[in-house]
Amino acid sequence: MDKLLTDQFKKIIVERTGLYLRTQDNEKLIQAVNRRTAILKLSSAHEYYCQLSDDSHSQSPEWQKFILMLTTAETFFFRHKGQFGLLRDHILPQILWKHRHDRTMRLWSAGCSTGEEPYSLAMLINELLPDWERWNILLLGTDINASAIAKAKTGIYGDWSFRMVDPDIKKRYFKYKSGWVIDRHIRAMVTFRTGNLRQDPFPDTASQIYDIDLILCRNVFIYFTFEAISAVVKKFCAALTDEGFLMTGYNELHGQNLHNLKARSFQTSTIYQQNNVTKSQMPGITSKAKSSQSVKIGQSGTALTAPPNNRFAPHVTGDFLITHSQSDKKPASEPQPSNNFTVSIETGLPEKADVRAIDKSAKVTPDDTADKIEALYLKAKSYANSGKLAKAITFCRQIMAMENSDINSCYLLACIMQEKGEPETAKKYLKRIIYFHPDYIAAYVELAALYEAEHDFKWAKKMWLTALNLLAQVSPDDLIAPYDQVRALTLTRHIQHLIGQMD
Ligand SMILES: C[S@@+](CC[C@H](N)C(=O)[O-])C[C@H]1O[C@@H](n2cnc3c(N)ncnc32)[C@H](O)[C@@H]1O
């Protein structure tokens, strides 16, 4: 396929989907085009181009098959612990307070892939609002990929979708029946539909996309052109209700003109809020006196207060996990986070330790290197769990200065760098692990995910195949570190599925 035709394909792909294919994605594009041309028994790639460009709608069967070969559907429950903590402790309570009288709430997971993201939101709502059935809640999940939406509707998942989730959540909301089947009430909370952020007009009453209180659009714009992001953000602003929220992935709106949105920076994430200053502010944000009013949320039916003053003060969220363990010291009027609901941090680490470990590690008086490393690692992990990434990095680096082949600190650094949106540095740490520990399977899996996110499918496949080789050398029942509850067989099947999707 010559450069001209390649560029023509890229142009219609951007027009229809917003997806940006870089030079390193050419090989993947050419493979996809050749494959569809052969299957359709067309005489040339050019003929396939003519067929695709005549077909104006991205939901047509042919566009669907083509898009499937170009998009990344990677997702899992409670992806990004910091963002879900922010939603649970600040954003959702504010939305609930705002709607305490009309009892309506409209949430949209845009680019939801196989549904883990909107279902995670449904689980949070179930925790925060025990009488949610008496509310009128729209929880919409949309994606351009029709087969991802079909899977989302089934509500059945493999172990891999839970790789960062507290096992208690899995126990509470899922039952195993040849796959993990989501609780029917949670499933009923979410409406799934195919939708194309680039092409679909919104706000639009027919598709229920208007007056939205919260839009989650995470890890979608990383594949979009700058112009496509601008166009979609503009539509998002119009679809949001006054002071509605928009949450994207880390740094995905970098350089965009956001004059209709104000950025609210927390330590773990930034969230954007529709900038309509003429509308009345919520009680609790503007008035300290009003913050003692209560709204009934919380699983036990406890009356919790409205969001208090300064909820948007920086660092509040980052401190949450530390204060959480000392909740008895908090004044009674402070809203208490739901303490029966903890989400695992997206660090790829076993989840048991929480921030209380900071105190514990402070009491450790290490007298040899191994103990020192363990104590430092406990601190690093605990700070990472609380969103204090700079501190976590400092402790990891101290460990590496003592033992430069230490897997745990290196892996934690790689996860932190991913969280910070620095994939190249993350890769550096993963490669370092491989250099010292060539049989550490998780390093290949994470590297593959990073390459896949960049559409470098050749290297992603190489990494997956290496992981498969290593998995073949262990028992199918072996737990694979550092993932929580992921066995070799599960991981093997998952990787085989991912490779199958590429071929
Ligand atoms: C990496 S997944 C992100 C899933 C989830 N939001 C998360 O963060 O885990 C990106 C999703 O964006 C979807 N997508 C890409 N272009 C889209 C478009 N133009 N309209 C709607 N969805 C799109 C893909 O099909 C894919 O499922």
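Residues numbered from 1 in each chain as written. Predicted model: local features only at pLDDT ≥ 70, side-chain atom pairs only at ≥ 80, totals over all residues.

A word on the overall build of the protein chain. Broken down by element type, the protein chain carries 19 helices and twelve strands. At a minimum sequence separation of 6, the contacts of the protein chain that also span at least 24 residues come to 69%. (Helix = DSSP H or I, 4+ residues; strand = E, 2+ residues; numbered from the N terminus. Contact = placed C-beta atoms within 7 Å.)

Below, the discussion takes up the packing of helix α13 (residues 369–385) against helix α15 (residues 407–419). The interhelical angle for the contact between α13 and α15, taken along N-to-C directions, is 15°, at an axis separation of 10 Å. One element, α13, and the other, α15, form an angle in the roughly parallel class. In the packing of α13 onto α15, the handedness of the crossing is left-handed. Judged by residue contacts, Tyr-377, Ala-380, Lys-381 and Ala-384 of α13 engage Asn-408, Ser-409, Leu-412 and Ile-416 from α15. (Axes fitted to C-alpha atoms, helices over the stretch in contact; angles between N-to-C directions. Parallel < 35°, antiparallel > 145°, perpendicular 65-115°, else oblique. Left-handed = near helix turned anticlockwise from the far one by under 90°.)

The predicted model of the protein chain averages 80 in pLDDT, with 82% of residues at 70 or higher. Here residues 277–366 is modelled with pLDDT under 50, and outside its nearest four sequence neighbours on either side it reaches 173 contacts, counting other chains as well. (pLDDT = per-residue confidence, 0-100.)

The element strand β2 (residues 136–143) is largely enclosed, with a buried count of six among its eight residues. Two strands pair when backbone bridges link them, and strand β1 (residues 104–110) and β2 are joined in this way by seven bridges, in the parallel orientation. Of the residues in β2, the one forming a bridge with Ser-109 is Gly-141. Assessed by its sense of winding, the connection that carries the chain from β1 through helix α6 (residues 116–128) to β2 is right-handed. Note that β2 and strand β6 (residues 190–194) share five bridges and pair parallel. Bridge assignment links Leu-139 to a residue of β6, and that residue is Val-190. (Buried ≥ 20, exposed ≤ 12 C-beta atoms within 10 Å, placed from the backbone. Pairing = 2+ DSSP bridges. Right-handed = clockwise from strand over helix to strand, strands pointing away.)

The next point concerns helix α7 (residues 146–154). All buried positions along α7 are accounted for by Ala-148, Ile-149 and Ala-152. Take α7 and look down its axis: the buried residues cluster within an arc of 100°, on one side only. Buried residues along α7 sit against β2 and β6. The first or second residue beyond α7 is Gly-155, which carries a positive phi of 70°. (Arc of directions from axis to C-beta.)

Moving on to the site of the ligand. Contacts to the ligand come from 25 residues, most closely from Thr-75, Gly-111, Ser-113, Ile-144 and Asn-219. Partitioning the shell around the ligand into residue classes produces eight nonpolar, eleven polar and six charged. A domain-level breakdown of the shell around the ligand finds at least three residues from each of domain 1 (3–68) and domain 2 (81–274). (Near = placed C-beta within 6 Å. Nonpolar A, V, L, I, M, F, W, Y, C, P; charged D, E, K, R; others polar. Domains from an automatic or database assignment.)

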